[in-house]
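If you want the building blocks of each chain, they are given just below.
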Amino acid sequence: MIQHQIALIKREFWEHRSIYITPIAIASIVTLGTLAALMFASGFAKELDVAIFGAQNLAGEAERRVALTGFFLSSSWLFLFALAILTVFYSLDSLYAERKDKSILFWRSLPITDAETVISKLITAIVVIPVVAVGAIIATHLVNLIIASIWVATKGGDAGLLIWGSVPLIDNWLAALVVVLATGIWMSPFIGWFLFVSAFTKRSPLLMAFMPLVLIPLLEGIFLRSSVFAEAVFGRGGVMPIFRELDLEQFFNEDHMRVNEEMISLLAHLDIVKFFTSGGTWAGIIVCGLLTTGAIYVRRFRDES
Amino acid sequence: MTSLVSAQGVTKRFGSFTAVDNVSFEIEKGRILGLIGPNGAGKTTLLKALLGLTDCEGQLSVMGLDPFKQRKALMQNICFIADVAVLPRWIKVSQLLDFVEQIHPNFSRDRAHELLRQTKIMSNSKVKELSKGMVTQLHLAIIMSIDAKLLVLDEPTLGLDIIFRKEFYANLLSDYFDEERTILVTTHQVEEIENLLTDIMFINDGKVLLDSPMEAIEDSYVELLTSGEDAIKAKGLGPIAVNEMFGKSVMLYEGISRDHLEGLGELRTPAVADLFVAKVKGARQ
């Protein structure tokens, strides 16, 4: 079973090369952006000296951590955005392409069940693609920090203190991992829906997937004058129950207007227990399970000829 | 001896259309069965039922398994090549071998390499870079590297030129087939394979018209080439088909002793294709 899953997931990488090409492309863009910014900043020699002096002597470690965390977050959102688009296209294509190129009967001639195949695609969408993206985020951070260290050193700054001493790497990376995996689970009813559409539609899965998401709220609004469906579906795009509410009073220590040490940790803002005890999380998992089962049944029972 | 495949009253309906109509047959181990029928006769539907790709009414058992309910177990011992089951175009030959090796317990990679060495297929080529003939060679190499008990071939050589077709069947016989294995093949080009079949089954409009070992064909059917007065006499003996060719009559008889026809003209065993045409026309009348 596990060996089959490994083989099936490996197969997804061969077929959908965008799973790793997209993160590599984003990593390259972010790195080029860093290089451009550093080159641009190098043009302001005087201001730079002041800034480096200030960062080394005036700012506390906590402020430096906040600044670097800010950089991490701003570079990570690009990955998360690309990840979301990639996952939509991947899951819509995953059970459609094999029917379009008629290879489905070849795959089904091998001793694997339809459930194993469909589950491998679900795992790819919910776990593998996010983990690959976090891997790319980590690699991007490391490369960018190394570039920034070299640059700071050439400008007379202390890279050890300014960058490596101030950077909450593990905290940031773990937080990124938790957030992308939680997002995968939170958004899993959509992924289940996309897999189901991908398994049954005869043409244009993208249109077939999004049309009901637009039409149903519209019809519900016109005829029932309610918006239950829209709230249930689009409400998921709102705040995921993984984030603690940010208490700004706590964030800044009022006396000194300095950043509260404990509050800079990204992980400190995440609440896994809250996430897994939220009714919304489990409702999503159940809907995803039902839709995935639907996809398995369609693949198993539909006659392709 | 128990049958490898046993079908009793197998029926498959699509709405009001009956694709396979109350079909019963047995296939013994170590046989090569040719399943012959015109387009839309129900061949592919029957094969799909055997492969567990579609459900059906009636009793169907393949190697003691219910194909639809126990498809995964069945696929460990069945291989199939179907014209419609094409290899994915994006995959590399080496990736394909990796995948099958990890999925199929009875696959021998060494054997696949050995078979592929006899072709021009490179392991780093993608399927989309190969010609149609080479793709079939690749598929056959994979299938022949799987130690399966039953091989199902559905129009395996469709669209290939004569050289590839001949090679395909030659390889199948010399490198694959033995008394432990059973092959079920459907094709339109029946004349190319009739001398390698041990059994033959005709199917038309979902019904079995003939199910017989090849050696029994010789005993049950005879073709008479005759003309003139002999032809008139011969017609009186109730041929199942009559064709006129170059001023001579070709008559096909079923279940009549050759002694009865002796002296009326030249006797020979009918070609499978001619027998098939006669049976299908007979069924339509």
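Shown above is the structure to which this text applies.
Residues numbered from 1 in each chain as written. Chains lettered and ligands numbered in written order. Predicted model: local features only at pLDDT ≥ 70, side-chain atom pairs only at ≥ 80, totals over all residues. Heavy atoms only, no water.

Lay out the environment of B:Glu179 with the relevant residues and their values.
Residue and element names in this part refer to chain B. The topology assignment puts glutamate 179 in the loop between α6 (162-176) and β7 (182-186). Separated by 137 residues in the primary sequence, glutamate 179 and glycine 42 place their C-alpha atoms 28 Å from one another. Not counting chain neighbours up to four residues away, the residues in contact with glutamate 179 comprise Lys29 and Gly30. (Helix = DSSP H or I, 4+ residues; strand = E, 2+ residues; numbered from the N terminus. Contact = heavy atoms within 4.5 Å.)

Describe the side chain of B:Thr11, listing the residues and the values that go with them.
Residue and element names in this part refer to chain B. Among the structural elements, threonine 11 can be located in strand β1 (residues 5-14). Taking the relative accessible area as the measure of exposure, threonine 11 reaches 7% and is therefore buried. Of note is the side chain of threonine 11, whose polar atom sits 3.0 Å from the backbone nitrogen of asparagine 22. (Buried < 20%, exposed > 50% of the residue type's maximum accessible area, 1.4 Å probe, protein only. Polar contact = N/O pair within 3.5 Å; in protein donor to acceptor, adjacent residues only side chain to side chain.)

Got a sec to walk through the packing of aromatic side chains? Specific residues and values, please.
The full count for this structure, using the stated rule, is 14 aromatic pairs over all chains. Both rings, one in A:Trp107 and one in B:Trp90, keep their centres 6.2 Å apart while their planes meet at 20 degrees; by these two values the pair is stacked. With one member in each of two chains, A:Trp107 in helix α6 (residues 104-108) and B:Trp90 in the loop between β5 (78-82) and α3 (93-103) form a pair that bridges those chains. Look at A:Trp107 and you get buried, because its relative accessible area is 4%. Relative accessible area serves as the criterion here: at 15%, B:Trp90 is assigned to the buried category. (Phe/Tyr/Trp six-rings, centres within 6.5 Å; stacked < 30°, edge-to-face > 60°.)

Break down the environment of B:Tyr176 for me, with residues and values.
Among the secondary structure elements, B:Tyr176 is positioned in helix α6. In this view, B:Tyr176 contacts B:Ile143, B:Met144, B:Ile146, B:Ala148, B:Leu151, B:Asn171, B:Arg181 and B:Ile183; residues no more than four positions away in its chain are not counted.

Explain the interface of chain A and chain B residue by residue, including any values.
Each side of the interface is counted separately: chain A has 27 residues, and chain B has 31 residues. Counting the surface lost from both chain A and chain B, the interface buries some 2900 Å², and carbon and sulfur atoms represent 65% of this. Ranking the residues of chain A by area buried against chain B places A:Trp14, A:Phe106 and A:Pro111 at the top, with a combined share of 25%. Taken together, the links from chain A to chain B amount to 2 salt bridges. The partner of B:Arg71 in a salt bridge is A:Asp114, with the nearest N and O atoms 3.4 Å apart. Here chain A and chain B share 9 residue pairs in polar contact (both at pLDDT 80 or more) between them. (Buried area = accessible area lost by both parts, 1.4 Å probe. Salt bridge = Lys/Arg side-chain N within 4 Å of Asp/Glu carboxyl O.)

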